[in-house]
Amino acid sequence: MENQEYYYSIDELIKHYNYKILENWEECKNQFKEIIPDPFYSHFIKPLYAFYDEYNNIILYVENEKLQNHIEIRYSDIITHIVYNFYKNTYNINKVVFFNKKRPTSENIFKHTTNIASNNKQKINDKKEIWDLDLFYPSKENYKELTYLIKLEKYFRPIFIYGPSGCGKTSLAKTWKKHHSKIIYFTIPEFISEFVHSIKKRNSIEWLDHIKSQSILILDDFQLLKPTAIKCMEEIRNLIDYFHEQNKIFIILSDRDFQYLKLEQDILSRMMTFHKIHLHYPDYYTKISLINHYCNKYNIELPQKMIEHLAYKLNGDVRYIQSSIEKLAFYQINPSTLNKTEIDFILEPFYDKSNFIDIDIIIQVVCEHYKISKEDILSKKKNKRVSLVRHIIAYLSVKLANNTLSYVAKYLKRNDHTGILYAIKKIEDLLQKDLFLKNELEVLKEKIYLYSQNK
C-alpha cells in the first residue's frame with residue numbers, strides 16, 4: 001500500500017481535503033487570454049480547476065505532474081499575479097499552490113492541507129522557536145513557506161531564493177545555520193576564492209568532499225557569478241546534481257531571478273527545476289514588529305500611532321528600518337517628544353518612495369520628457385525611438401514601482417512577460433556604456449518621485 005497511487009475525481013478531492021469551489025473562476029480565467037495566447041491558454045490554463053481551503057490558500061488542480069511542472073516553470077508568476085488581483089477584494093489569500101492528479105500516499109500532499117495542518121499547526125505557529133528578529137523575520141507572503149522549509153531536513157528540489165537588497169537573504173541563511181548543524185555557507189566570492197585556493201594547494205577533491213558531506217549547502221550573492229568563471233560554474237553544476245541525487249538541500253540566494261543572470265545553458269537548465277521563492281520585503285505588520293523590536297533594542301519609546309506611521313512610510317529594506325530607529329536613538333532630542341512632521345524630516349531618506357508610484361505616473365512623466373504620446377507606447381509601433389521609450393517605461397515600472405513582469409506586460413499591451421524581460425535587459429546593457437542615458441534615468445526618477453508626492 002506504501003506506493004499505491006490515488007487518482008482523485010473532483011468530488012473526491014473536495015471531500016477528502018475539505019476544499020470549496022473557487023467562485024467566479026471562469027471569469028478570472030478570461031483575463032489570462034489577454035496574456036497567454038492559444039494554443040497555450042487552451043492547453044495549460046483552460047483545464048485548471050480552482051479551489052479554496054480553510055487556510056486561505058487557492059489550490060489549482062492540474063491533470064498530472066508533468067503538466068504541473070511545465071505550468072509552474074512557465075506561467076506561475078502570471079497566474080499568481082492575476083489570481084491575487086482578481087480575488088484580492090473577495091478572499092484574504094495566503095498562497096496560490098498547485099496540486100496534480102497523481103500523488104503517492106506516502107507523500108504529504110501539501111503543507112497547507114488538513115493532514116499537515118493538524119499535525120504541525122503548533123510547530124508552524126511557534127514563531128519564537130524559529131524566527132529571531134535580530135536575524136530574520138519573514139513577511140506574511142513568505143512566512144509559512146519559509147517556516148516549513150527551515151524545519152525540513154530533506155527537500156525534493158533545490159531551492160532558489162531571490163529578492164532585492166535588504167530583504168533578508170543573508171540573514172535567512174544565518175537562520176538556517178542556527179537550526180542545522182551540518183550546513184555549509186559561501187558567498188560566491190568566498191566559494192571562488194576557496195576553490196582557487198584548493199586548486200593551488202592541490203586538495204580540491206578533499207575540499208569538495210567536505211562540502212558534499214554536509215546536509216545543506218547555501219550559495220549567496222549568486223548574481224556575482226561571472227560567465228568567465230567556467231571551471232567554477234562546472235563545479236557548481238556538479239554540486240547541484242550531487243545534492244539533488246542525494247536528497248540533500250541545495251539553496252541559492254540571489255538579488256534577482258535567474259532569468260536575469262548571465263549563466264551557461266547547462267546551469268540555467270538546472271535552475272528551471274529549482275523550487276523558486278521570491279523573498280518579499282516585510283509587510284506592514286511585520287514592519288511594526290521590527291520597529292518595536294529595534295525601539296526596545298535601542299531603549300527608546302515611540303507612541304503606537306507613530307510606530308504605525310513609520311511602518312507605512314519606511315522603506316522595506318530591513319537595514320533601513322534598523323538604521324532609522326538607530327538614528328532616532330542617537331538624535332539630540334528625545335524622539336518621544338517629536339511630532340510627526342519633525343520625525344518625517346529626520347527620516348525622509350529612509351522612506352519608501354515607491355508607495356506613491358503607479359505605472360500611469362511613470363508613463364505620463366516619461367512620455368512628456370521624450371515628447372511621445374501614450375497611444376504610441378501602447379501601440380505596436382516598433383520604430384527605434386518609440387521602442388527605446390517603451391523599454392525605459394518597462395524598466396522603471398519594474399525597478400522603481402516594484403510591479404511584476406506580467407503586470408507590466410499586460411499594462412503595456414505586450415504579448416507576455418518575455419518582452420518586458422527583454423526591455424529590462426536592453427536598458428541594463430545600455431546603462432553599462434551610455435552615461436547620458438544613466439543621467440537621464442536619474443532625472444526621470446526625480447521627476448516621477450516629485451509628481452507622485454504632489455499628486
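All of these numbers come straight from a predicted model, not from anything done at the bench.

When you go through the protein chain residue by residue, the secondary structure sums to 22 helices and 11 strands. Expressed as a percentage of its 455 residues, the buried residues of the protein chain come to 47%. Summing over all exposed atoms, the protein chain offers an accessible surface of approximately 24400 Å²; the carbon and sulfur share of this is 49%.

As a further point, take the nonpolar core. Within the largest apolar cluster, 37 residues are counted, with the highest numbers of intra-cluster contacts made by Val366, Ile392, Ile393, Leu396, Ile420 and Leu441. Sorting the residues of this core by element identifies α17 (359–370), α19 (384–399), α20 (405–411), α21 (417–433) and α22 (435–454) as the ones contributing at least two each. Apart from the residues lying within four places of it in its own chain, the contact partners of Leu396 are Ile362, Val366, Ala401, Leu441, Leu444, Lys445 and Ile448.

Attention now moves to the sheet that holds strand β2 (residues 20–21). Strand order in the open sheet formed by 4 strands is β2-β3-β4-β5, and the pairing between neighbours is mixed. Every other strand in the sheet has two partners, leaving β2 and β5 (95–100) as the edge strands with one partner each. As defined by bridge partners, strand β4 (residues 57–62) adjoins β5 across 6 bridges and the pair is classed as parallel. What sits directly across from Leu60, in β5, is Phe98. Those strands touched by helix α1 (residues 10–17) are β2, β3 (49–52), β4 and β5, and its axis lies near 15° from that of β3.

In any sheet, the strands associate via hydrogen bonds between backbone groups, in a parallel or an antiparallel arrangement. Overall, parallel pairing links the 5 strands, which are arranged β8-β9-β10-β7-β11 in an open sheet. If you trace the sheet from one side to the other, it starts and ends with β8 (183–187) and β11 (275–278), each paired once. Mean inter-strand twist for the sheet, computed between neighbouring axes without regard to direction, equals 15°. Pairing of β8 with strand β9 (residues 216–220), which is carried by 5 bridges, proceeds in the parallel orientation. Across the sheet, Tyr185 pairs through a bridge with Ile218, a residue of β9.

Looking at where Glu141 falls in the secondary structure, it is placed in the loop between α6 (127–130) and α7 (143–151). Of the residues examined, Glu141 reaches a relative accessible area of 37% and is grouped as partly exposed. Sequence separation of Glu141 and Lys95 is 46 residues, and the distance between their C-alpha atoms is 7.4 Å. What Glu141 contacts, discounting residues up to four positions off in sequence, is His280 and Asp283.

Here we take up the packing of aromatic side chains. Aromatic ring pairs are described here by two measures, namely the spacing of the ring centres and the angle between the planes. Applying the stated rule across the entire model yields 23 aromatic pairs. Relative to Phe32, the ring of Trp25 lies with its centre 6.4 Å away and its plane at 65°, an arrangement referred to as edge-to-face. Of the two residues, Trp25 and Phe32, both sit in the buried class. Seen in terms of ring centroids, Phe250 and Phe274 are 6.4 Å apart; in terms of plane orientation they differ by 80°. Their pairing is edge-to-face. Pair noted here: Phe250 is in strand β10 (residues 249–254) and Phe274 is in the loop between α12 (265–271) and β11, with a separation of 24 residues, a long-range link. Across the pair, Phe274 and Phe250 agree in class, each one buried. What links up through ring pairs into an aromatic cluster is the set Tyr19, Tyr49, Phe51 and Tyr61. When the ring centre of Tyr242 is taken as origin, the NZ or CZ atom of Lys212, which lies over that ring, is 5.1 Å away. Lying across the ring of Phe243, Lys248 places its NZ or CZ 5.9 Å from the centre.

Attention now goes to a nonpolar patch on the surface. The grouping of Tyr284, Tyr285 and Tyr312 at the surface amounts to a nonpolar patch, some 360 Å² of accessible area in total. One can find Tyr284 in helix α13 (residues 284–297).

Here we take up the environment of Leu412. Mapped onto the elements, Leu412 comes out in the loop between α20 and α21. Counting along the chain gives 53 residues from Leu412 to Ile359, while the straight-line C-alpha distance between them is 9.6 Å.

On to the side chain of His391, then. Among the secondary structure elements, His391 is positioned in helix α19. Residue class for His391 comes out buried when judged on its relative accessible area of 16%. Excluding residues within four positions of it along the chain, His391 makes contact with Tyr422, Ala423, Lys426 and Ile427.

Procedures and definitions
- Residue indices begin from 1 for each chain and proceed along its sequence in written order.
- Local features are withheld for residues below a pLDDT of 70 in this predicted model, meaning they are given only at 70 or higher, and side-chain atom pairs are given and counted only at 80 or more; totals for whole chains, interfaces and linings count all residues.
- The side-chain quantities take in all heavy atoms of the structure and omit both hydrogens and water.
- Strands are runs of DSSP state E lasting at least 2 residues, helices are runs of H or I lasting at least 4, and numbering of each runs from the N terminus.
- Here the term buried applies to any residue with accessible area under 20% of the maximum for its type, exposed to any over 50%, and partly exposed to those in between, with areas from a 1.4 Å probe on protein chains only.
- Residue exposure ignores everything except the shown protein chains as possible cover, and the areas themselves are Shrake-Rupley values with a 1.4 Å probe.
- We define the nonpolar core as a collection of buried residues of types Ala, Val, Leu, Ile, Met, Phe, Trp, Tyr and Cys that are connected through side-chain atoms lying within 4.5 Å of one another.
- Contact definition: two residues touch when any of their heavy atoms are within 4.5 Å.
- Strands were regarded as paired on the criterion that DSSP finds at least two bridges between them.
- Orientation is described by lines fitted to C-alpha atoms, with helices fitted over the stretch in contact, and by angles between N-to-C directions that extend from 0 to 180 degrees.
- By convention, a stacked pair of Phe, Tyr or Trp rings (six-membered ring in the case of Trp) has centres within 6.5 Å and planes under 30 degrees apart, an edge-to-face pair has planes over 60 apart, and any other such pair is tilted.
- Think of it as a cone above the ring: NZ of Lys or CZ of Arg counts as a charge over the ring if it is within 6 Å of the ring centre and within 35 degrees of the ring normal.
- The residues that make up patches have over 30% relative accessible area and no salt bridge, and they are joined within 9 Å when like-charged or within 5 Å when they are Val, Leu, Ile, Met, Phe, Trp or Tyr.
- In the sections that follow, a salt bridge refers to a side-chain nitrogen of Lys or Arg positioned within 4 Å of a carboxyl oxygen of Asp or Glu.

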